[in-house]
Amino acid sequence: MNSKKEHMLEALELAKRGSLTTSPNPMVGCVITHNNEVIGRGWHERSGENHAEINAIEDVLSNLGNKSKEALKESELFVNLEPCTTFGKTPPCADSISEYGIRKVYFGNEDKAQQGFSKLLPGIEVESGLLEEEGRKLNKGFFSRIEKGRPYISCKVASALDGGIALPSGESKWITSSDSRKDVHKIRAYSDAILTGTGTIQKDNPQLTSRDSGLDEGSYKQPLRVVVDRNNVLTGKENIFSSGTQTILFINQESQLKDKENVEIAKLNATPNLPLEEVVRYLAEEKLINNLMVEAGSGLINSLLLERLVDELILYRGPKLLGENRQSFVNLDVAAEKLGTIDLEIEDIEEIGEDIKYSLLPKY
Ligand SMILES: NC(=O)c1ccc[n+]([C@@H]2O[C@H](COP(=O)([O-])OP(=O)(O)OC[C@H]3O[C@@H](n4cnc5c(N)ncnc54)[C@H](OP(=O)(O)O)[C@@H]3O)[C@@H](O)[C@H]2O)c1
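The rules behind each value
- Residues numbered from 1 in each chain as written.
- Predicted model: local features only at pLDDT ≥ 70, side-chain atom pairs only at ≥ 80, totals over all residues.
- Helix = DSSP H or I, 4+ residues; strand = E, 2+ residues; numbered from the N terminus.
- Buried ≥ 20, exposed ≤ 12 C-beta atoms within 10 Å, placed from the backbone.
- Contact = placed C-beta atoms within 7 Å.
- Core = buried A, V, L, I, M, F, W, Y, C linked by C-beta atoms within 7 Å.
- Expected span 1.5 Å × (residues − 1).
- Arc of directions from axis to C-beta.
- pLDDT = per-residue confidence, 0-100.
- Pairing = 2+ DSSP bridges.
- Axes fitted to C-alpha atoms, helices over the stretch in contact; angles between N-to-C directions.
- Near = placed C-beta within 6 Å.
- Nonpolar A, V, L, I, M, F, W, Y, C, P; charged D, E, K, R; others polar.

Asker: Honestly, the overall build of the protein chain in this entry has me stumped. Any pointers?
Answerer: Across its full length, the protein chain holds 11 helices and 16 strands. Counting only C-alpha atoms, the protein chain reaches 70 × 45 × 40 Å along its principal axes. Looking at the protein chain residue by residue over its 364 residues, the buried ones come to 40%. In the protein chain, once contacts between residues fewer than 6 apart in sequence are set aside, the share between residues at least 24 apart is 67%.

Below is the structure:
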């Protein structure tokens with residue numbers, strides 16, 4: 001690997017330090033070099049605070065003291081996202097980069113929300129597209145919200161080897177091992193919101209909070225809990241309404257839960273079916289949700305697949321057979337309807353405890 005790539009790789013690693021805190025902002029890391037030696041590092045920690053480039057410049061100022069201004073004039077800056085050119089909660093990074101006379105800027109991904117860094121500062125040499133794919137993968141939620149107007153949507157499914165996701169009684173706990181359940185709690189912590197359906201609430205009564213992830217609970221915000229309840233069946237007594245965390249309900253009619261603490265009734269243009277496309281668009285536009293995790297039964301997953309709203313299936317398969325009368329994930333009726341067969345690209349396979357975890361990307 002050449003040194004440019006190594007520096008950008010370090011910027012991407014620094015960016016990941018913000019993975020539990022930056023949302024709705026993207027994860028951004030920055031490295032500044034002089035004669036190919038790293039002289040400053042920075043990353044963005046949370047919305048409203050310094051961007052990665054400013055933290056890296058400040059790191060140079062503190063590392064090199066009165067030699068820093070000279071060094072910065074001959075330096076190169078590596079950042080995974082195009083530097084900002086407009087005022088947000090903080091001033092544009094482009095101004096500081098120009099003020100310190102940084103010679104060359106390498107960035108990985110374009111930011112469509114900006115006005116074109118290279119066009120604005122023709123005096124600075126710019127190279128874009130370095131480790132672009134890795135950068136897009138890291139910030140897939142942010143790019144989905146900005147470019148598609150909806151979050152990146154991951155559906156978690158825990159299934160037995162015969163495709164069963166629940167017993168005939170509807171019970172679905174303990175299909176997979178405690179290691180897999182811990183992994184699910186970790187994904188919840190990295191998600192901005194979790195969407196479920198009334199079938200799951202009535203059968204499993206989940207809290208949908210992140211509790212047993214092994215992460216320090218003070219280091220992340222609990223995800224927003226989201227339920228689609230077209231027929232107004234929830235009573236307010238279910239665990240999804242447990243205190244401390246907000247729940248947002250998509251509902252068609254006047255709700256008896258409208259004054260309940262920590263519950264928000266989403267206001268969609270009333271249509272009888274509450275189209276899921278509108279639900280996820282609302283979450284992006286009104287709640288700035290980048291990463292949405294779905295934990296539901298085949299009812300909701302089926303509808304999301306039909307609308308091509310699943311970006312990733314996270315499938316945990318446990319060594320169990322649930323038998324003939326199981327509720328089956330594979331009973332989806334997508335094939336019979338408008339999609340035909342759905343091919344899945346295997347992005348990753350991992351052994352977790354006694355289960356196998358697949359990350360699968362539908363190719364619609
Ligand atoms: N193994 C696992 O990973 C796992 C995970 C979760 C759940 N489960 C199991 O799955 C079972 C529940 O599955 P389920 O299929 O009955 O329920 P579900 O998927 O939890 O709920 C179906 C939900 O989808 C909504 N919905 C479906 N199509 C829609 C559309 N086109 N537009 C808007 N909303 C739509 C329904 O709304 P309405 O209510 O308004 O119709 C309902 O809220 C339970 O037995 C549970 O144990 C297993």
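From this point, the narrative continues.
Asker: Teacher, can you tell me more about the nonpolar core here?
Answerer: Within soluble globular proteins, side chains that are nonpolar tend to cluster in buried spots. Core analysis: the largest hydrophobic core is formed by 45 residues, its most contacted members being Leu 292 and Val 294. Setting aside anything within four residues of it in sequence, one finds Val 294 in contact with Ile 153, Ser 154, Cys 155, Lys 156, Leu 195, Leu 300, Ile 301 and Leu 304.

Asker: Hey, could you run me through helix α10 (residues 276-287) in this one?
Answerer: What sets the pattern is the α-helix's 3.6 residues per turn: residues three or four places apart point alike. Here α10 contains 12 residues, and its C-alpha end-to-end distance of 16 Å stays within 8% of the 16 Å for a straight helix at 1.5 Å per residue. Within α10, burial applies to Val 279, Val 280, Leu 283 and Ala 284. Along α10, the residues classed as buried sweep out an arc of 130° about the axis, all on the same side. Buried residues along α10 sit in contact with α7 (140-148), β6 (152-160), β8 (193-197), β9 (224-229), β10 (247-251) and β12 (291-294). Just downstream of α10, Leu 288 is the residue with a positive phi angle, here 55°.

Asker: Could you clarify how one ought to interpret the confidence of the model for the protein chain in this entry?
Answerer: Where the model shows low pLDDT, its predicted coordinates should not be examined in detail. Of all residues in the protein chain, 95% attain a pLDDT of 70 or more, and the chain-wide mean is 90. Within the protein chain, no element has a lower average pLDDT than helix α5 (residues 117-120), which sits at 70, and none a higher one than β12, at 98.

Asker: Where do I start with the sheet that holds strand β13 (residues 312-318) in this structure?
Answerer: Backbone hydrogen bonds are what pair the strands of a sheet, in a parallel or an antiparallel way. Pairing within the open sheet is mixed, and its nine strands lie in the order β11-β10-β9-β8-β12-β6-β13-β16-β15. Because the sheet does not close on itself, it has two edges, and the strands there are β11 (263-265) and β15 (343-352). Going across the sheet, the axis of each strand differs from the next one's by a mean of 25°, ignoring polarity. Here β10 pairs with β11 via three bridges, running parallel. Residue Thr 247 lies in a different strand from β11, and its bridge partner there is Val 263.

Asker: Explain the site of the ligand here, please?
Answerer: Taken together, 29 residues lie around the ligand, and Gly 197, Gly 199, Arg 230, Gly 297 and Gly 299 are the ones closest in. Within the residue set of the shell around the ligand, elements represented by two or more residues are β6, β7 (164-166), β8, α9 (198-204), β9 and α11 (298-306). For the shell around the ligand, the element with the most residues is α9, which contributes five residues. Across the shell around the ligand, the residue classes tally to 10 nonpolar, 14 polar and five charged.

Asker: Got a minute to help me understand the pairing of strand β16 (residues 355-363) in this structure?
Answerer: Each regular strand displays side chains that alternate between the two surfaces of the sheet. Inspection of the sheet shows β13 paired to β16 by five bridges, in the antiparallel sense. Bridge pairing in β16 links Ile 314 to Ser 359. Bridge count between β15 and β16: nine bridges; the pairing is antiparallel. Its bridge partner being in β16, Ile 346 is matched across the sheet by Leu 360. Linking β15 back to β16 in an antiparallel pair, the connection comprises two residues, with Gly 353 at a positive phi of about 55°.

Asker: Is there a simple way to think about unusual backbone geometry in this case?
Answerer: For residues that are not glycine, phi is negative in most cases, and the peptide bond is trans in most cases. Backbone torsion omega between Ser 23 and Pro 24 reads 10°, so that peptide bond is classified as cis. Tracing the backbone shows Pro 24 in the loop between α1 (3-15) and β1 (29-34). With a phi angle near 50°, Leu 131 is a residue other than glycine that sits in the positive phi range. As for its placement among the helices and strands, Leu 131 is situated in the loop between β5 (125-128) and α6 (132-138). Residue classification places Leu 131 among the buried residues on the basis of 22 C-beta atoms within 10 Å. Positive phi values are uncommon outside glycine, yet Asn 232 reaches one of about 60°. Here Asn 232 shows up in the loop between β9 and β10.

Asker: Before we go on, may I ask you to explain the sheet that holds strand β2 (residues 37-43) in this structure?
Answerer: What the five strands build is an open sheet, ordered β2-β1-β3-β4-β5; its pairing is mixed. What marks the edges here is a single partner per strand, and that holds for β2 and β5. When strand polarity is set aside, the average angle formed by the axes of neighbouring strands in this sheet is 15°. Bridge count between strand β4 (residues 104-109) and β5: four bridges; the pairing is parallel. Residue pairing for β5: Phe 107 is matched across the bridge by Ser 128. Packing against the sheet, α1 makes contact with β1, β2, β3 (75-81) and β4, and its axis sits at approximately 145° to β1. Sheet strands in contact with helix α2 (residues 52-64) are β1, β2 and β3, and its direction is about 135° off that of β2.

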